[in-house]
Amino acid sequence: MQPTKLTFDLGMELRWQITIRGVVQGVGFRPFVHREAVAHGLTGQVVNTGQGVVIEAQGEETALARFVTALREQAPAAAVIQELTILSLPLVTESAFVIGHSVAAGPPSAGIPADLALCADCQREFFDPTDRRFRYPFINCTNCGPRYTITRAIPYDRPQTSMATFAMCDQCRAEYENPTDRRFHAQPNACPVCGPHLWLTDAQGQLLAEKEAAVVATAAQLRAGAIVALKGIGGFHLAVDATNHEAVQRLRQCKGREEKPLAIMVRDLARARQLCQLTAAEEALLDSAAAPIVLAPKQPAHDLSPAVAPGSDRLGIMLPYAPLHHLLLAEGPDVLVMTSANLSEEPICIDNSEALQRLGAIADCFLCHDRDILIRADDSVVWHLAGASRVIRRSRGYVPRPLRLAGEGAAVLGVGGELKDTVCYAKGDQAWVSQHLGDLKTLTAFSFFRETVAHLGRIYQVTPELVAHDLHPAYLTTQWAREQAGVVQLAVQHHHAHLAACLAENHYDGPAIGVILDGTGFGPDGTIWGGEVLIGDRGSFRRFAHLAPMPLPGGDAAVAAPWRTGLGYLYVAYDGVVPELPFLQGHDAGTIVAMLQRGINCPATSSCGRLFDAVAAIAGGRPTIRYEAQTAIEFMQAAGTLAGPAFPFELVAEHDTLIVEVGPLIRAVAETVRGGAILAEISQRFHRTMVELWCEVVQRAAAATGLRVVALSGGVFQNQLLFTGLMKRLQAAGFTVLAHRELPVNDGCIAFGQAMVGRAYMER
Ligand SMILES: [Zn+2]
Ligand SMILES: [Zn+2]
Ligand SMILES: [Zn+2]
């Protein structure tokens, strides 16, 4: 008898059924399982089911254990293993490991993967002159390519995608059907013979060039300073050479975007390092399969047009993710401004004729293709802050990845609020948050909301029992929710939604102390909330403390003109006798004071965002804004490093609520300005004040309740000095601090929070 045979016979042979849930379909998972099983000498099979991937593997116990470790640790980059369970089965007689046919049975929780950046293998083939896909802009495999944006319905299979109209050639089909091929069941699989192609037109839609010639012509246009509309993965971009100042300025003018920073795409990491000071964590984010825009500190000297991100100390930078981007950045300029192709606040364009119609006055030419984009998705935006990567705008590359919830619950829909809106379905122990939908103030934008509600509900087959919406009666999302028949409707207070979102994202059931520092949210008392410390959980909350309500002269007009807000706060702080301050010069202060005296159109707000605006304006910061929170952002960037003392503040108990009086703070800031202090000093001292103030309120809340867990949420926490400062301070005081990572800290988390409050409501 052969010794090897003897060893095999004596080994303990077992058969395991391994069920894996998560994002494991459409990401090259079955070929990976097949390779690992063969490498570990196992027999059995792997199949896709509605629940995920189910493996039956047979072999020696130690080999099985090593196989499971490999599944967990070496899974394809885009796979997300949420749950892995093992059951013992009786042994069977078999001689190989095979990839079985998909089983469609069972409720679909397996889902559609997010869109994936071009992988290293495809990139090699793409630039290999001997490869049949050399420079073919639609190259992909199971490890990369479009997914969510080309998929109409589940199961994720070619007939359900916009690739359905392209019949695979024999060579592509052979790859698609070969279980050991990297393109096995790669749904968008294509080649120059059978797949989509490119063409370039002028602004009138006249054809200029096709296929390879279209790429060459587009690169030449970009080098010459043209504005090009490029059809990408989740929509059209407007692209210009980022080093061409005239071109960047012309783009800003045409698009009606005056100063808000523009995102850029660079040829490779080496080029990115010339423009940004990147940490290893930021480089890993740039290079990830999601390929987001990363907000990273600018290099002090660089060759970009100063109009790319004026006044900002960070750049929004990304690497090429579609094959087409790689081509253009290799042929044309090596750094492009890449901004969503829309007029300000409208949804991104996805359709060829729609693009010509809507962008004809902006773009000089249009690089289009015939692989339809079915779902709009903007580029995602992330940064690395306080030891973790944190998403600011969650879209392409992340959506529709589910969020795993701590427990089971009812099927619900959260429709969000008005700004930076998303929608969220939850069912069982999962939640799906939609891509960023933007500001839903116009009917065009609102049609994107309707589209997404229908699409997400269809692909995950969720029939909600409850629809949760904002308290604000005038929001389009509130009105839509109230029109839905046959479901429970629940109004959720905006900041309670922030708290619930932060708790649920961290799998913490509460209760906790929620520090919610925000711009605007409708309170149950009819005033605008936004500087809140809440005590609560998913089910309920009470307002433990808040900033004292202050007047906003002109309402939204004050949000756009922080000098008005500053004047309003001074008016209250000085009992109606406003002192002379440099920031009021050149403004019609008299009219605003008259409004304040008569209380005309001066809604009261406890918003923390407005407190930042007011202090920044009084200190001499930007009086009016060109994009959201511009004054506060620049004020934060101005903060000096000298450690001056905090400004005074006052906490006043009123019934069972703690009021943070800001009068002493405003007066101290005004006196310091009159004493000749510069912006850097006031900014540094104000940020320090904010950290001390909110820490003190949390200490009071902890003393009153015994709670030691603090949740941070709200758009003001995008201020990194405040976020990291308060987090450190609270941790040093022994608190457990919960913060967002996967979901935005801004209103992008509201729909998820509403859904979580809705589920708690259904539990009662
Ligand atoms: Zn690939
Ligand atoms: Zn082909
Ligand atoms: Zn908010």
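Residues numbered from 1 in each chain as written. Chains lettered and ligands numbered in written order. Predicted model: local features only at pLDDT ≥ 70, side-chain atom pairs only at ≥ 80, totals over all residues.

*Asks:* Go over unusual backbone geometry, please, and point to the residues and values.
*Replies:* The peptide bond linking Val 399 to Pro 400 adopts the cis configuration, its omega dihedral lying at 10°. Between Gly 510 and the following residue, Pro 511, the backbone shows a cis peptide bond with an omega angle of 5°. In this structure, His 185 is a non-glycine residue whose phi angle is positive, near 55°. Here His 185 is to be found in the loop between helix H5 (170-177) and strand S6 (198-202). Of the residues examined, His 185 has 23 C-beta atoms within 10 Å and is grouped as buried. Positive phi, normally seen in glycine, also occurs at Asp 575, with a value near 50°. Tracing the chain through its elements places Asp 575 in the loop between helix H16 (562-573) and helix H17 (589-598). The exposed category is assigned to Asp 575, around which 8 C-beta atoms lie within 10 Å. (Helix = DSSP H or I, 4+ residues; strand = E, 2+ residues; numbered from the N terminus. Buried ≥ 20, exposed ≤ 12 C-beta atoms within 10 Å, placed from the backbone.)

*Asks:* Before we move on, can you summarise the nonpolar core with the specific residues and values?
*Replies:* In terms of nonpolar packing, the biggest core is built from 236 residues, with Ile 264, Ile 317, Leu 336, Val 337, Val 669, Val 698 and Val 710 touching the most fellow members. In terms of residue count, helix H21 (residues 679-705) provides more of this core than any other element does, 10 residues in total. Other than its neighbours up to four places away in sequence, Val 698 contacts Ile 513, Val 515, Val 533, Val 710, Leu 730 and Phe 735. (Core = buried A, V, L, I, M, F, W, Y, C linked by C-beta atoms within 7 Å. Contact = placed C-beta atoms within 7 Å.)

*Asks:* For the environment of Val 593, give the residues involved together with the corresponding values.
*Replies:* Within the secondary structure layout, Val 593 lies in helix H17. In this structure Val 593 comes out as partly exposed when scored by C-beta crowding, with 19 C-beta atoms within 10 Å. Through-space distance from the C-alpha of Val 593 to that of Gly 568 is 7.8 Å; in sequence the pair is 25 residues apart. Val 593 has contacts with Tyr 571 and Val 578, leaving out every residue within four places of it along the chain.

*Asks:* Let's hear about the sheet that holds S6: which residues, and what values?
*Replies:* Pairing is mixed across the open sheet formed by 11 strands, whose spatial order is S7-S6-S14-S8-S9-S13-S10-S12-S11-S15-S16. The sheet is open, and its two borders are formed by strand S7 (207-210) and strand S16 (388-393), each paired with just one other strand. When the angles between neighbouring strand axes are averaged without regard to direction, this sheet yields 35°. By the bridge criterion, 5 bridges tie strand S15 (residues 381-385) to S16 in an arrangement that is antiparallel. (Pairing = 2+ DSSP bridges. Axes fitted to C-alpha atoms, helices over the stretch in contact; angles between N-to-C directions.)

*Asks:* Any chance you could break down the pairing of strand S20 (residues 430-433) for me, citing the residues and the numbers?
*Replies:* In S20, alternate side chains face the same way, and those of Gln 430 and Trp 432 on one face and Ala 431 and Val 433 on the other are all buried. Where strand S17 (residues 403-404) lies against S20, 2 bridges are found, and the strand directions are antiparallel. The residue bridging Arg 404 from the neighbouring strand is Gln 430, located in S20. Direction of pairing for strand S19 (residues 424-427) relative to S20: antiparallel, over a ladder of 4 bridges. Each residue of the ladder has a partner; that of Cys 424, found in S20, is Val 433. Where S19 hands over to S20, the hairpin turn is made up of 2 residues, of which Gly 428 adopts a positive phi near 60°.

*Asks:* I'd like a rundown of the packing of helix H14 (residues 494-505) against helix H23 (residues 750-763), residues and numbers included.
*Replies:* The relative placement of two packed helices comes down to the angle between their axes together with the axis-to-axis distance. Following both chains from N to C, one finds H14 and H23 inclined at 85°, their axes separated by 7 Å at the closest point. Classified by the angle between their axes, H14 and H23 sit roughly perpendicular to one another. Two secondary-structure elements touch here, H14 through His 494, His 496, Ala 497, His 498, Ala 500, Ala 501 and Ala 504 and H23 through Ile 750, Phe 752, Gly 753, Gln 754, Met 756 and Val 757. The residue makeup of the contact of H14 with H23, split by class, is 8 nonpolar, 5 polar and no charged. (Parallel < 35°, antiparallel > 145°, perpendicular 65-115°, else oblique. Nonpolar A, V, L, I, M, F, W, Y, C, P; charged D, E, K, R; others polar.)

*Asks:* Please set out the packing of H16 against helix H18 (residues 608-618) residue by residue, giving values where relevant.
*Replies:* Put simply, H16 and H18 touch, their axes get as near as 7 Å, and they point 95° apart. Between H16 and H18, the angle falls in the class roughly perpendicular. Taken together, the residues of H18 that come into contact with H16 (itself represented by Pro 562, Trp 563, Thr 565, Gly 566, Tyr 569 and Leu 570) are Arg 610, Asp 613, Ala 614, Ala 616, Ala 617 and Ile 618. Taken together, the residues that form the contact of H16 with H18 break down as 8 nonpolar, 2 polar and 2 charged.

*Asks:* Please set out the domain arrangement of the protein chain residue by residue, giving values where relevant.
*Replies:* Each assigned domain of the protein chain is listed with its residue range as follows: domain 1 (12-99), domain 2 (198-369), domain 3 (406-506 + 741-764) and domain 4 (545-738). One C-alpha centre belongs to domain 3, the other to domain 4, and the line joining them spans 30 Å. Contacts between the two partners involve 10 residues from domain 3, matched on the other side by 8 residues from domain 4. Its residues placed into classes, the side of domain 3 that touches domain 4 shows 6 nonpolar, 3 polar and 1 charged. (Domains from an automatic or database assignment.)

*Asks:* So, the confidence of the model for the protein chain: which residues are in play, and what are the values?
*Replies:* This prediction gives the protein chain a mean pLDDT of 93; 97% of its residues lie at or above 70. In the predicted structure, residues 1-9 sits below a pLDDT of 50 and forms 1 contact with residues beyond four places in sequence or in another chain. Note on residues 105-109: pLDDT under 50 across the span, and 14 contacts to partners over four residues away in sequence or across chains. (pLDDT = per-residue confidence, 0-100.)

*Asks:* Could you give me a rundown of helix H7 (residues 245-255), with the residues and numbers involved?
*Replies:* Of all the residues in H7, the buried ones are Ala 247, Val 248, Leu 251, Arg 252 and Lys 255. The buried residues of H7 occupy an angular sector of 140° when the element is viewed end-on, so they sit on one face. Opposite the packed face of H7, turned more than 90 degrees from it, sit the exposed residues Glu 246 and Gln 253. Looking at the buried side of H7, the elements it contacts are strand S9 (236-241) and strand S13 (335-340). (Arc of directions from axis to C-beta.)

*Asks:* An account of helix H20 (residues 663-674) is requested, with residue identities and associated values reported.
*Replies:* Over its 12 residues, H20 extends 16 Å from the first C-alpha to the last, a length consistent with the 16 Å expected when each residue adds 1.5 Å. Of the surrounding secondary structure, the elements contacted by the buried residues of H20 are H16, H18 and H21. Gly 676 sits one or two positions beyond H20 and adopts a positive phi of about 95°. (Expected span 1.5 Å × (residues − 1).)

*Asks:* Residue-level account of the sheet that holds S20, with values.
*Replies:* The 6 strands are arranged S17-S20-S19-S18-S21-S22 in an open sheet whose pairing can be described as mixed. Two strands in the sheet have a free side with no partner beyond their single neighbour: S17 and strand S22 (488-492). Seen against the sheet, H23 touches strand S18 (412-414), S19, S20, strand S21 (466-470) and S22 and runs at an angle of roughly 145° to S18.

*Asks:* Summarise the environment of Asp 421; cite the residues concerned and give the values.
*Replies:* Mapped onto the elements of the fold, Asp 421 is located in the loop between S18 and S19. Taking C-alpha positions, Asp 421 is 6.5 Å from Asp 747, a pair spaced 326 residues apart along the chain. Not counting the four nearest positions on each side in its chain, Asp 421 is found in contact with Gly 416, Leu 437, Gly 438, Leu 440, Phe 449, Thr 477 and Asp 747.

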